[in-house]
Amino acid sequence: MIDFPGLLRALVDRRVQFIIVGGAAATAHGAARLTQDLDIVYSRRPENLANLVAALAHHEPYLRGAPPDLPFTLDVETLQNGLNFTLTSKLGDIDLLGEIVGGGGYEQLVSDSIEIELFGIRCLCLGLEKLIQVKRAAGRPKDFEVLAELESILDSDE
Amino acid sequence: MSNVKKCSSQFHDPVVSAYRAHIDRTLIQKNLKLSVEERFLQLMELQRLAVELRDAGRRASER
């Protein structure tokens, strides 16, 4: 289970630049399906990498699905050497995405994002039209149903 | 921030359109009446329920 308030508070308190994408973004827009992790696109700027590491440091971030004895440490160097990380943490599963298919990175996506407020925390969430666009670009069969739902929401919003 | 309003016709895809025929719009309408925070609280409730169900299933299969 994800502690959304805890995870978002940890990120915002450390001034991490991020955008909520994926299933949680779909939830923010009104989708009814269950998602089991928090997907965020994070800025790859060096100071943001340090902030992201600091935000998660006390919550035992670890590679999801990896053997428990792997020598993994989430630090700036690890983030610099990789791009997308699927992690577990004490606050729930979180995917750190440097880029997403069809959308690019934080700097490309920020203009297609909206500010949302939840649990007293203000953060960015990918806008509905862009969310549909990137889910289409991902081209995964599992996304067809959520795409159908998101498009219905888009029409409902008109 | 983007505030250009669009509609789904720009994304037309026959596969997704086929899925749309089976979407429960009553759930969407219900969700759209909630605040963003209420939608997340509902999601967390759903996650709690999923964990309970998974555990119950596991316990049942171990009996």
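The shown structure was predicted, so the numbers you read here are calculated from the model rather than taken from an experiment. (Residues numbered from 1 in each chain as written. Chains lettered and ligands numbered in written order. Predicted model: local features only at pLDDT ≥ 70, side-chain atom pairs only at ≥ 80, totals over all residues. Heavy atoms only, no water.)

Draft legend 1. A look at the sheet that holds strand S6 (residues 113-118) of chain A. Residues and elements named next belong to chain A. Strand order across the open sheet formed by 7 strands is S3-S4-S5-S2-S1-S7-S6, with mixed pairing between neighbours. Edge strands, defined here as strands with exactly one partner in the open sheet, are strand S3 (62-63) and S6. This element, helix H2 (residues 22-29), spans strand S1 (18-21), strand S2 (38-42), S6 and strand S7 (121-126) of the sheet and lies at about 75 degrees to S1. (Pairing = 2+ DSSP bridges. Helix = DSSP H or I, 4+ residues; strand = E, 2+ residues; numbered from the N terminus. Contact = heavy atoms within 4.5 Å. Axes fitted to C-alpha atoms, helices over the stretch in contact; angles between N-to-C directions.)

Draft legend 2. Region of interest: the interface of chain A and chain B. Taken together, the 42 residues of chain A in the interface contact 33 residues of chain B. Of the roughly 3,500 Å² buried between chain A and chain B on both sides combined, carbon and sulfur atoms contribute 67%. Run the count over chain A and chain B and you get 3 salt bridges. The partner of Arg20 of chain B in a salt bridge is Asp155 of chain A, with the nearest N and O atoms 2.8 Å apart. Our count for the chain A to chain B interface comes out at 10 residue pairs in polar contact (both at pLDDT 80 or more). Elements with a minimum of two residues in the side of chain A that touches chain B: helix H1 (4-13), H2, S6, helix H6 (128-138) and helix H7 (143-157) of chain A. Examining the composition of the side of chain A that touches chain B, we find that 12 residues originate from one element, H7 of chain A, more than from any other. Along the lines of polarity and charge, the residues of the side of chain A that touches chain B split into 21 nonpolar, 11 polar and 10 charged. (Buried area = accessible area lost by both parts, 1.4 Å probe. Salt bridge = Lys/Arg side-chain N within 4 Å of Asp/Glu carboxyl O. Polar contact = N/O pair within 3.5 Å; in protein donor to acceptor, adjacent residues only side chain to side chain. Nonpolar A, V, L, I, M, F, W, Y, C, P; charged D, E, K, R; others polar.)

Just geometry here; none of it tells us what the structure is for.
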